[in-house]
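A structural walkthrough
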Amino acid sequence: MKETNSPRNWWLRGGRVIDPAHDRDERADVWIVDGRIAAIRPVEEARRGGPGGASAGAISDNEDGGGRSGHEAGSAGDEELRAALGAAVGTLAGLQTLDADGLLVLPGLVDMHVHLREPGQERKETIATGARAALAGGFTSVACMPNTEPALDNAAAIRFVRERAAAARAARVYPIGAITKGRRGEELAPVGEMVEAGAVAISDDGNPVADAALLRHALEYSLRFGIPVIEHCDDPTLSAGGVMNEGPTALRLGLRGIPAAGEVSCVFRDCLLAELAGTGARLHIAHVSTAGAVEVLRWARSRGIQVTAEVTPHHLLLTEEAVASSGYDPDTKVNPPLRTEADRRALLAALREGLIDCIASDHAPHMSEEKNVEYDLAPFGIVGLETTLGLVVTDLIAPGLLTWSDAVWRLAAAPARVLGLPGGAGTLGPGAVADVVLVDPEAEWVVEPGTFYSRGRNTPFRGRELKGQVIYAFVGGELRFDRTRGGFLT
Amino acid sequence: MPFQRKDLLGLEDLTRSEIEEILDTARPMLEVFSRPVKKYPTLRGRIMVNLFYEPSTRTRTSFELAAKALSADVVNIAVSTSSVTKGESLADTAHTLEALGADWIVLRHSSSGAPAWLARRVRAGVINAGDGSHEHPTQGLLDLFTLRQRKGRIEGLRVGIVGDVLHSRVARSDIWGLTKLGAQVVLIGPPTLVPPGIERILDKNPVHAAEPPITVAYDLKEVLPVLDAVVVLRLQLERQKRGLFPSVEEYSRLYRLDSERLREWGAKPDLVVMHPGPANLGLEISEELANSDRSAIREQVRNGVAVRMAVLYLLAGGTVTG
């Protein structure tokens, strides 16, 4: 990735730094040197004179003129900073300060489940537009699913995604390779070659691997590479023709149902296959949507089966009633479908107790011309990259369902860990790659899909008033998104 | 209270008094329609478009006659499924019709919810003429009207609905209409077509009745003696291919109605038999029963025009006395 020409040395002053991976939630200064986190010092300590001996007076000299960005550190502070940061800093000539007072300083968020549609469906989304939507939404890393046209099932396709992503210079994009060739569920795709080219996981997302023996082999084979196998759990014979959750609401609306049993039985089968595959096999369940699947996960964990799971904001916040109350709005049509209130509560409880590890958006953009049709003719999917953080802040953190630390863990460190992302992604430890987002937790905004960076406008949260907005986003120490200056700088 | 709606999307949305207002309005309409000169100037200069995405001669003709009896201009558009796949969208078509001056779009569509979806996107009134497996409100209304005509009341009646309840829009409209007006509904058929839990569709929209407003029975013979009326649904033969019942023969053995069976199984002598049509004669109902005195099928067809006149009249802003 070419990221030169932009100064990558920063002093982020006085924000509330939340890094659950290091048990940190306090006001602190963060120094970024050469694109990595060089030091973090609590504000009191930094002002008093940190471990390296920075004197409060010298640093406060810069405070008044600090502004929000773009100011050179005064030379008066050079000696002290150099001491505070150790040998990492050769020269501080390029160090810029950014006043983070009133902002949250978070590790760049990680969305481990997005659909970027390129190659093949560029009218829905491209890697560039998706990567920009991600960064504007606080995600410095995303993992994109391979259900493109053609599918990402070989090294060349994986390299293509990485090259496009590098050129976009927005969020990092980590490709997920297909489990089977062409996602046809018949033969294993060349996993080794894809991992070598940069794939971080494999998945046939959109479909489960129906052939149990084949999935077992995929779990076993991937052991060699230490990557997770991500399953979209469903039973296609039960869900065929279905467009919403099966139950009284679907009966009332006259819509064909997708029973919860299909997901639950598939999660159960997959957990058993992970156990068969043996220690080290890593199964990850995408977009868990049912209370039954939560119970199976609990059982699997109690047996020591290595399985992780994610949940989407829409499954945490909406139910099947949205289909009725919206007047059959296809923006409520998603796979797996919005379920019942009992399911929603079970998912929320599982997320809170850590049984579900991650929040992922399952960002699934479609053209409005495709979505703006009769319910059963519309494609499945909801966009989420630009609404996830606001929804989590407004509907989970503000009402006290999750602490900021819990939320950041589930949106950053946990998915980074599941995917085994390099460079300390999802954390702010010293030496970690400086993927950092600064969030104004009080900023109020309204979901207006027309203003999205994504090409997809398909969201059932249209018109929602949300709190919490990304103001700055750094990738590898480079300030790429600055809302105070109109958005993207790259 | 004047009827104040832009659209008629389903009986689930209507209050009991709105339903009764339509039924009361339909009575004088039936008289108008029974005169030698079947014209009333109420809707002169207004345009009603029949936009049918599924073939249906009966419903389309009934709406057309109703509109014409009220002097409205009628345009019929039959959209073949092929032009849908060509990318001609429903919204686009509806906007075109609106631009051409349509006051009402009468929509028949295979997708459940298409009328509700469209109603939010056009200024014209949308009348649901049957959407997927969801509702067929004017059929429900004409069933209520016919039943009231025959029995003098709806309240307290026990009405069986026999057949493919799962996929039937007629069944849903009947369920809403009958329960809102105080009848008890018994859903009868094999469990694959009368799915467990269907009585819970009322959960979100409870009706206030002493008895459970909906019960389910799998055995027609057992429940037949308590029924005051029965609505026989048309069996879609393609359901068999999906494994929902083993054969037409077996379905017929378990659920067909004929006069002999009604006698043997102890049906009430004044049991009213209805069918939304078109019937598979000999399959779900015998031709002989369909043509018997018990059958209200012919009245249903005639009442259909009156009910649709009433709907158009009320949507146009008329009141019973006005």
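Source: prediction; values computed, not measured.

Thresholds applied
Residues numbered from 1 in each chain as written. Chains lettered and ligands numbered in written order. Predicted model: local features only at pLDDT ≥ 70, side-chain atom pairs only at ≥ 80, totals over all residues. Heavy atoms only, no water. Helix = DSSP H or I, 4+ residues; strand = E, 2+ residues; numbered from the N terminus. Buried < 20%, exposed > 50% of the residue type's maximum accessible area, 1.4 Å probe, protein only. Contact = heavy atoms within 4.5 Å. Areas by Shrake-Rupley, 256 points an atom, 1.4 Å probe, with all protein chains shown as cover. Lys, Arg positive; Asp, Glu negative; His and termini not counted. Charge placed at Lys NZ, Arg CZ, Asp CG, Glu CD. Core = buried A, V, L, I, M, F, W, Y, C linked by side-chain atoms within 4.5 Å. Pairing = 2+ DSSP bridges. Axes fitted to C-alpha atoms, helices over the stretch in contact; angles between N-to-C directions. Domains from an automatic or database assignment. Buried area = accessible area lost by both parts, 1.4 Å probe. Salt bridge = Lys/Arg side-chain N within 4 Å of Asp/Glu carboxyl O. Polar contact = N/O pair within 3.5 Å; in protein donor to acceptor, adjacent residues only side chain to side chain. Phe/Tyr/Trp six-rings, centres within 6.5 Å; stacked < 30°, edge-to-face > 60°. Lys NZ or Arg CZ within 6 Å of the ring centre and 35° of its normal. pLDDT = per-residue confidence, 0-100. Left-handed = near helix turned anticlockwise from the far one by under 90°. Nonpolar A, V, L, I, M, F, W, Y, C, P; charged D, E, K, R; others polar.

1. Observations regarding the overall build of chain A
Along chain A, the regular secondary structure elements total 17 helices and 20 strands. The proportion of buried residues among the 490 residues of chain A is 62%. Pairs at least 24 residues apart make up 73% of the contacts formed inside chain A by residues separated by at least 6 positions. Summed over its atoms, the accessible surface of chain A is roughly 16,900 Å², and 48% of this surface lies on carbon and sulfur atoms.

2. Notes on the overall build of chain B
Each helix and strand in chain B was counted, giving 13 helices and nine strands. Principal-axis analysis of the C-alpha atoms places the extent of chain B at approximately 55 × 45 × 40 Å. The long-range share in chain B, meaning contacts at least 24 apart out of those at least 6 apart in sequence, stands at 77%. When the accessible surface of chain B is split by element, carbon and sulfur atoms take 51% of a total near 13,400 Å². Seen as two clouds, the 41 positive and the 39 negative side-chain charges of chain B have centres 3 Å apart.

3. Considerations on the nonpolar core
If you look at the biggest cluster of nonpolar residues, it comprises 99 residues, and the most contacted ones within it are V173, L219, I285, V288, L297, I356 and W404 of chain A. With residues up to four places along the chain from it excluded, the contact list for V288 of chain A reads E263, A293, V294, L297, A309, E310, V311, H315, L347 and I356 of chain A. One finds L23, V32, L43 and V159 of chain B within the second-largest nonpolar core, a separate group that totals 67 residues.

4. Topic: the sheet that holds strand β2 (residues 73–78) of chain B
Residue and element names in this part refer to chain B. Strand order in this open sheet of four strands is β2-β1-β3-β4, and the pairing throughout is parallel. With one partner strand each, in any of the chains shown, β2 and β4 (125–131) form the two edges of the open sheet. For this sheet, the mean angle separating the axes of adjacent strands, direction not counted, is 15°. Bridge count between strand β1 (residues 47–52) and β2: six bridges; the pairing is parallel. Among the inter-strand pairings, F52 is bridged to a residue of β2, identified as A78. Packed on one face of the sheet, helix α13 (residues 297–315) meets β1, β3 (104–109) and β4 and runs near 155° to β4.

5. Details of the domain arrangement of chain B
All names here are of chain B. By the assigned domains, chain B splits into domain 1 (11–134 + 301–315) and domain 2 (137–299). On a C-alpha basis, the centres of domain 1 and domain 2 stand 25 Å from each other. With 30 residues of domain 1 in contact, the opposing surface of domain 2 contributes 29 residues. For the pair domain 1 and domain 2, the two sides together bury roughly 2,500 Å², of which 57% comes from carbon and sulfur. It is L11, E12 and L23 that lose the most area in domain 1 upon contact with domain 2, and together they represent 26% of the buried surface on that side. Remark: the boundary between domain 1 and domain 2 carries three salt bridges. Between R148 and D24 there is a salt bridge; the shortest N-O distance is 2.8 Å. At the surface where domain 1 touches domain 2, the tally comes to 17 residue pairs in polar contact (both at pLDDT 80 or more). Taken together, the elements giving at least two residues each to the side of domain 1 that touches domain 2 come down to α1 (16–34), α2 (57–69), β3, β4 and α13. Examining the composition of the side of domain 1 that touches domain 2, we find that nine residues originate from one element, α1, more than from any other.

6. With respect to the environment of E284 of chain B
All names here are of chain B. Tracing the chain through its elements places E284 in the loop between β9 (272–274) and α12 (287–290). Exposure remark for E284: the relative accessible area of 0% places this residue in the buried category. In the structure, E284 is positioned 62 residues away from E222 in sequence and 17 Å away in space, judged by C-alpha atoms. Polar side-chain contacts of E284 include one of 3.3 Å to the backbone nitrogen of L235.

7. Observations regarding the side chain of H363 of chain A
Residues and elements named next belong to chain A. By the element assignment, H363 lies in the loop between β16 (358–359) and α15 (368–371). Since its relative accessible area comes to 1%, H363 is described here as buried. Engagement of the side chain of H363 in a polar contact is seen with the backbone nitrogen of G384, the distance being 3.1 Å. Ignoring sequence-local partners within four residues, the contact set of H363 consists of H113, V114, H115, E125, I382, V383, G384, L385 and S454.

8. Re the packing of aromatic side chains
A full pass over the atoms with the stated rule returns 10 aromatic pairs over all chains. Ring geometry for Y328 of chain A and Y375 of chain A: centres 6.4 Å apart, planes at 75°, overall edge-to-face. On the criterion of sequence distance, the pair formed by Y328 of chain A in the loop between α13 (321–325) and α14 (341–353) and Y375 of chain A in the loop between α15 and α16 (388–397) is long-range, its members being 47 residues apart. When the centroid spacing of 6.2 Å and the interplanar angle of 85° are considered together, the rings of Y453 of chain A and F481 of chain A count as edge-to-face. With Y453 of chain A in the loop between β17 (436–446) and β18 (465–475) and F481 of chain A in strand β19 (residues 478–482), the pair connects residues that are 28 residues apart, well separated along the chain. Residue Y453 of chain A is classed as partly exposed on the basis of its relative accessible area, which comes to 29%. Judged by its relative accessible area of 0%, F481 of chain A is buried. Cluster of aromatic residues (ring-pair linked, three or more members): Y453, F481 and F488 of chain A. When the ring centre of F63 of chain B is taken as reference, the NZ or CZ atom of R308 of chain B above it lies at 4.9 Å.

9. Quick look at the interface of chain B and chain A
Listed per partner, the contact involves 25 residues of chain B and 19 residues of chain A. When the two sides are added together, the surface that chain B and chain A hide from each other amounts to roughly 1,800 Å², 55% of it contributed by carbon and sulfur. Linking chain B with chain A are one salt bridge, by the criterion used here. Across the pair E12 of chain B and R252 of chain A runs a salt bridge whose closest N-O atoms are separated by 2.8 Å. Scanning the region where chain B abuts chain A turns up nine residue pairs in polar contact (both at pLDDT 80 or more). Every element with two or more residues in the side of chain B that touches chain A is listed here: α5 (114–119) and α7 (169–180) of chain B. With three residues, α5 of chain B is the largest single contributor of residues to the side of chain B that touches chain A.

10. Digging into the confidence of the model for chain A
Detailed reading of the predicted coordinates is not advisable wherever pLDDT is low. Residues and elements named next belong to chain A. Averaged over all residues, the pLDDT of chain A equals 91, while 89% of them reach at least 70. The low-confidence segment residues 1–5 (pLDDT under 50) makes 11 contacts with residues lying over four places distant or belonging to another chain. Confidence drops under a pLDDT of 50 for residues 50–76, and excluding neighbours within four residues, the segment shows 59 contacts in the predicted structure.

11. Description of the packing of α1 of chain B against α13 of chain B
Residues and elements named next belong to chain B. Interhelical geometry of α1 versus α13 gives an angle of 120° and a closest axis separation of 7 Å. When you trace α1 past α13, the crossing you get is right-handed. Of the residues in α13, those touching α1 at E21, I22, T25, A26, M29, L30, V32, F33 and S34 are R302, N303, V305, A306, V307, M309, A310, V311, Y313 and L314. The residue inventory of the contact of α1 with α13, partitioned by class, reads 14 nonpolar, three polar and two charged.

12. What about the domain arrangement of chain A?
All names here are of chain A. In terms of domains, chain A is made up of domain 1 (10–102) and domain 2 (107–419). At the junction of the two partners, domain 1 supplies seven residues and domain 2 supplies six residues. Each partner contributes to the roughly 470 Å² buried at the junction of domain 1 and domain 2, and carbon and sulfur atoms together form 73% of this total. Area buried by domain 1 at its contact with domain 2 is led by I18, P20 and A21, which between them contribute 78% of it.

13. Digging into unusual backbone geometry
Residue and element names in this part refer to chain A. Between E118 and the following residue, P119, the backbone shows a cis peptide bond with an omega angle of 10°. Its location among the elements puts P119 in the loop between β7 (109–114) and α4 (127–136). A positive phi angle is found at R117, which is not glycine, with a value near 70°. As for its position among the elements, R117 is in the loop between β7 and α4. Positive phi is not limited to glycine here, since D362 has a value of about 50°. By the secondary structure assignment, D362 is in the loop between β16 and α15.

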